[in-house]
Amino acid sequence: MTREGIRIHEAGDFEGMRRAGAIAARILDDVIPLVEPGITTAEIDKFIEAKVTEYGTTSATIGYKGYQHASCISINHVVCHGIPGDKKLKDGDILNIDVTVILDGWFGDSSRMYVAGKLSRKSERLIQVTHDALMIGIETVKPGKTFGDIGHAIQSFVEGHRMSVVRDFCGHGLGRVFHAPPNVLHYGRPGTGAVLEEGMFFTIEPMVNLGRPETKTLSDDWTAVTRDKSLSAQFEHSIGVTADGCEIFTLSPGGLFHPTYPQD
Ligand code: MF3
Ligand code: CO
Ligand code: CO
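Bear in mind the structure is a predicted one, so any value in this text is a computation, not a measurement.

Reading the values: the criteria
- Residues numbered from 1 in each chain as written.
- Chains lettered and ligands numbered in written order.
- Predicted model: local features only at pLDDT ≥ 70, side-chain atom pairs only at ≥ 80, totals over all residues.
- Heavy atoms only, no water.
- Donors = N, O, S within 2.8 Å, 3.2 Å for Na, K, Ca; no water.
- Tetrahedral: all angles 85-135°; square planar, octahedral: opposite > 155°, others 65-115°.
- Helix = DSSP H or I, 4+ residues; strand = E, 2+ residues; numbered from the N terminus.
- Buried < 20%, exposed > 50% of the residue type's maximum accessible area, 1.4 Å probe, protein only.
- Salt bridge = Lys/Arg side-chain N within 4 Å of Asp/Glu carboxyl O.
- Near = heavy atom within 4 Å.
- Polar contact = N/O pair within 3.5 Å; in protein donor to acceptor, adjacent residues only side chain to side chain.
- Areas by Shrake-Rupley, 256 points an atom, 1.4 Å probe, with all protein chains shown as cover.
- Nonpolar A, V, L, I, M, F, W, Y, C, P; charged D, E, K, R; others polar.
- Pairing = 2+ DSSP bridges.
- Axes fitted to C-alpha atoms, helices over the stretch in contact; angles between N-to-C directions.
- Parallel < 35°, antiparallel > 145°, perpendicular 65-115°, else oblique.
- Left-handed = near helix turned anticlockwise from the far one by under 90°.
- Contact = heavy atoms within 4.5 Å.

Here the cobalt ion (ligand 3) is held by the protein donor atoms Asp98 (OD), Asp98 (OD), Asp109 (OD) and Glu236 (OE), which lie 2.1 to 2.3 Å from it. Coordination at the cobalt ion (ligand 3) comes from 6 donor atoms whose angles at the metal span 59 to 168°, giving a geometry best classed as irregular. Between the donor residues of the cobalt ion (ligand 3), the gaps in sequence give the motif D-x10-D-x126-E. A separation of 3.3 Å is found between the cobalt ion (ligand 3) and the cobalt ion (ligand 2), which are bridged by Asp109. Pair noted here: Asp98 is in strand β6 (residues 94-103) and Glu236 is in the loop between β15 (232-234) and β16 (237-241), with a separation of 138 residues, a long-range link. An identical accessibility class is assigned to Asp98 and Glu236; each is buried.

Spelled out as structure tokens, the structure:
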């Protein structure tokens, strides 16, 4: 069944998403000790690729529109879709790692922020606001609310902290497919957009910039960066709408979704 083009999943489908989401989250926990100055993003990606196999899943990103890696790793002013490579992490770098796995046909998609070495005050603020923006968006979710309500909650929180919400990328429906309707905007007006219903599965994945919201995509056709070179952060969960709210499918098994970092 669909509503306004958005699939309404059945009660039993939640278990498939729970299992896929748990593995994406476990891999994001596993990678924490690797994130130190000196490691390359390709090394982190190879570790993730091995974990994807070890846990009996497959990578949703390898082969997706020609993408060849098990993760996207987006450092500092990279907004999203950073391609793992030979670049070594430096002290104070902040990075988003985004992993999507497939288990029994279900897609688990999550990303979070990491820090190499010591965290600066302004990076800490950016990461905190971005994390809280995602969680405020998630708290909005329940049947009868609209996608515009989610976007508005995120946008007003972020702009209240004098930061900006990226418009060029959005969250998405998912389930037995990677990217499905609707586009989940991280900005908007209350009461607009489709009405949330029990059984809708989607991601919320706000990208927040310290400077202006505009992005550009580099000549590799993937890497998106802030036009003004300001720092950018992102957190992502896959969720399902329940009768009275939502279930987060990609909760960290170790409670490490927003870890504490060594301070500068
Ligand atoms: N995981 C990303 C998302 O949140 C999509 C990555 S597509 C890739 O939707 F090809 F760049 F990996
Ligand atoms: Co996503
Ligand atoms: Co993702």
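From this point on, the discussion continues.
Once the charged atoms of two side chains with opposite charge are near each other, the side chains can pair. Here the structure, examined in full by the defined rule, presents 11 salt bridges. Taking the shortest distance from any N to any O, the salt bridge between Arg167 and Glu159 comes out at 3.8 Å. Relative accessible area serves as the criterion here: at 31%, Glu159 is assigned to the partly exposed category. Here Glu214 and Arg212 are joined by a salt bridge, their closest N and O atoms 2.8 Å apart. On the basis of relative accessibility, which here comes to 52%, the residue Arg212 falls in the exposed class. Look at the salt bridges and you will find they share partners, linking Glu15, Arg18 and Glu247 into a network.

Taken together, 14 residues sit near ligand 1, with Thr61, His172, His179, Glu205 and Glu236 positioned nearest. For ligand 1, an oxygen atom lies 3.0 Å from a polar atom in the side chain of Glu236. Protein contact buries 96% of the 340 Å² of open area that ligand 1 shows by itself. Residues of the shell around ligand 1, tallied by class, amount to 5 nonpolar, 5 polar and 4 charged.

With that settled, the discussion passes to the coordination of the cobalt ion (ligand 2). All of the protein donors around the cobalt ion (ligand 2) are Asp109 (OD), His172 (NE2), Glu205 (OE) and Glu236 (OE); their distances to the metal are 2.0 to 2.2 Å. Classification of the site at the cobalt ion (ligand 2) as irregular follows from its 6 donor atoms and the range of 51 to 160° in their angles at the metal. Going along the chain, you hit the donors of the cobalt ion (ligand 2) in the pattern D-x62-H-x32-E-x30-E.

Where strands meet in a sheet, backbone hydrogen bonds hold them as pairs that are either parallel or antiparallel. Strands sit in the order β5-β14-β13 across an open sheet of 3 strands; the sheet is antiparallel. Of all strands in the sheet, those bounded by a partner on one side alone are β5 (78-80) and β13 (215-217). Direction aside, the axes of adjacent strands within the sheet are offset by 40° on average. Where β5 lies against strand β14 (residues 224-226), 2 bridges are found, and the strand directions are antiparallel. Opposite Cys80, over in β14, you have Ala224 as the bridge partner.

Between helix α3 (residues 121-140) and helix α4 (residues 147-160), whose axes approach to 8 Å, the crossing angle comes to 150°. On the basis of the axis angle, α3 is roughly antiparallel to α4. For the element pair α3 and α4, the recorded crossing hand is right-handed. On α4, the residues touching Val129, Asp132, Ala133, Ile136, Gly137 and Thr140 of α3 are Asp149, Ile150, Ala153, Ile154, Phe157 and Val158. Its residues assigned to classes, the contact of α3 with α4 comprises 8 nonpolar, 2 polar and 2 charged.

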